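# Geometric and topological summary
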Amino acid sequence: MGAGHSHPLYLEGSSVVHRLPAEVKIVAAFLTVLCVVATPREAFWAFGGYLLLLAAVWAAARIPPGWMARRALIEAPFVVLAVLLPFTGPDPRFEWAGLSLSHAGTLGAWNILAKGTLGVLTSLTLAATTPMRDLLLGLQRLRVPALVLTIATLMLRYADVIAGEARRMRLARIARGHDPRFLWQAGATARGIGSLFIRSYERGERVHLAMLSRGWTGTMPTTGAPATVRSQWLVALALPLVAAALAVTGMMTT
Amino acid sequence: MSAHTEPASPPAADPAVASLDVRGLDFAYPDGTTALHGVDLRIEPGERVALLGPNGAGKTTLVLQLNGILAPTGGEVVVGGLPVRKPHLQEVRRRVGIVFQDPDDQLFMPTVREDVAFGPANFGVRGDELTARVEAALEAVGMAEHADRSPLHLSGGQRRRVALATVLSCDPEILVLDEPSSNLDPVARRELAEVLLGLDRTLLMVTHDLPYALQLCPRSVVVDGGRIVADGPTRALLADDGMLRAHRLELPFGFTLA
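So, here's what we can say about the structure. (Residues numbered from 1 in each chain as written. Chains lettered and ligands numbered in written order. Predicted model: local features only at pLDDT ≥ 70, side-chain atom pairs only at ≥ 80, totals over all residues. Heavy atoms only, no water.)

### A few points about the packing of aromatic side chains
Under the counting rule described, the total for this entry stands at five aromatic pairs over all chains. Seen from their ring centres, F44 of chain A and W110 of chain A are 5.5 Å apart, and the 55 degrees between their planes marks the pair as tilted. Of this pair, F44 of chain A sits in helix 3 (residues 44-61) while W110 of chain A sits in helix 6 (residues 103-129), and the two are 66 residues apart along the sequence. Residue classification places W110 of chain A among the partly exposed residues on the basis of a relative accessible area of 30%. For the ring pair F108 of chain B and F118 of chain B, a centre distance of 4.8 Å and an interplane angle of 85 degrees mean the geometry is edge-to-face. Placement of F108 of chain B in the loop between helix 3 (103-106) and helix 4 (112-122) and of F118 of chain B in helix 4 is noted, with a sequence separation of ten residues between them. For the residue pair F108 of chain B and F118 of chain B, the accessibility class agrees, reading buried in each case. (Phe/Tyr/Trp six-rings, centres within 6.5 Å; stacked < 30°, edge-to-face > 60°. Helix = DSSP H or I, 4+ residues; strand = E, 2+ residues; numbered from the N terminus. Buried < 20%, exposed > 50% of the residue type's maximum accessible area, 1.4 Å probe, protein only.)

### Considering a nonpolar patch on the surface
Taken together, V83, F87, F94, W96 and L99 of chain A make up a surface patch of nonpolar side chains, about 490 Å² in accessible area. Broken down by secondary-structure element, the contributors of at least two residues to the nonpolar patch are helix 5 (76-88) and strand 1 (93-96) of chain A. (Patch = residues over 30% accessible without salt bridge, like charges linked within 9 Å, V, L, I, M, F, W, Y side chains within 5 Å. Areas by Shrake-Rupley, 256 points an atom, 1.4 Å probe, with all protein chains shown as cover. Salt bridge = Lys/Arg side-chain N within 4 Å of Asp/Glu carboxyl O.)

### Here we look at the pattern of salt bridges
Scanning all chains against the criterion turns up 25 salt bridges over all chains. Of the charged contacts in the structure, one is a salt bridge between R203 of chain A and D105 of chain B, with a shortest N-O distance of 2.7 Å. With R203 of chain A in helix 9 (residues 186-213) and D105 of chain B in helix 3, this residue pair bridges two chains. Taken as a pair, R203 of chain A and D105 of chain B share a single burial class, namely buried. The partner of R159 of chain B in a salt bridge is D104 of chain B, and the shortest N-O contact between them spans 2.9 Å. Within this pair, whereas R159 of chain B is found in helix 6 (residues 156-168), its partner D104 of chain B is found in helix 3, the two being separated by 55 residues in sequence. Like D104 of chain B, R159 of chain B is buried. A network of salt bridges, in which partner residues are shared, links E165, R199, R203 and R206 of chain A together with D102 and D105 of chain B.

In structure tokens form, the structure reads like this:
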């Protein structure tokens, strides 16, 4: 089962981490990322500390590091630019393996890479241990505006419906000899996207009518769920607390 | 036709009060296209009525009038004694349960359970009462064991039944179904019919599927060009070849009614 909350970033489980309420985990992840970002880039050891900290959470949640590493690749396109920094940065320069690298550029690249990766890993840890539905519920409890939540809920539901629609339209085009590899046929794809937009818009109207018919007045009804216990906050906040200790030590030693 | 002379009905679940009473309803779209002309339709509690008619006859327009999504340009709709007007639109929408044609339009929540709870929660039902409503509605359509799944992972027939449950949980005075049998395979079609027959509720079913109308609804109403052109026992109407042909309706190949 679990079809109700299957998304590719979620790893089914029943560990301590999985059982923590979503809002607690969201706050813990957010604070941890803040600590990471606030750490001076020269405090190299502190970043190792963060990684160990996350590894401890993965161990507690029984997430295989390889599973995590594959999903962390999502970061790759965003850090490509960082690789260029050592070459394009300002003087002074130093020689390494026959390359002339900028000192400031290399530090800058390290900064982006380390903080970016840790941020992605923290978010992935949150996603891996929290079903999408609970994330929304957690955001609701954290008083995120209702409109934002409604939009997120609808996106969650309709992303697949619209993807299915796009797939059927593409099949219908291909069945009539369309081969989007050729540039001169790109027009059909573009028009396809246009009509997909119209269709999604129309669907939006129909969904809205159906919601009105069931008494929707603009706010999602809150369904009662068990309240969060203080001890759960303490458990989850241990993570940003240790992270804060690392960040503060990092600031004082550099 | 005007039927405004009738006295205002008391707003209670009186057995003498019709579930649905449409009186002299006119409607024109903002661009001036007239969609409904003096529609009169009275449905008694417990009746099951099919609303038949060709494409563009005004069937869906009529349905959207019933819960005040579209406002009439003339005439009136009264649901269980309560006129469809702005001050009590919310109660009207609870009383008129519309099941839309495409379940993907109706089911928008991440899980079946939440979707079935959406309506009653909007109407102020909370806590244990809400849970009980959701359970009962899913039980009634035979989908209780799928409560925690995403509508995305259900078959067409299952989705249709869940869409029905999302409206049943609001405890409506009258169920309005828009093309309930479209896109269903024969088994899903039969299963839905069994569920509907077991509900014991006032029903208005918009459909092109004439055998389905005959199976489910003892009475039928034919709409064409925004007017009601026939109203009577389904069997008699479907046996009237001339009337069917005049309004672009026909029984599927191989069907005849004596």
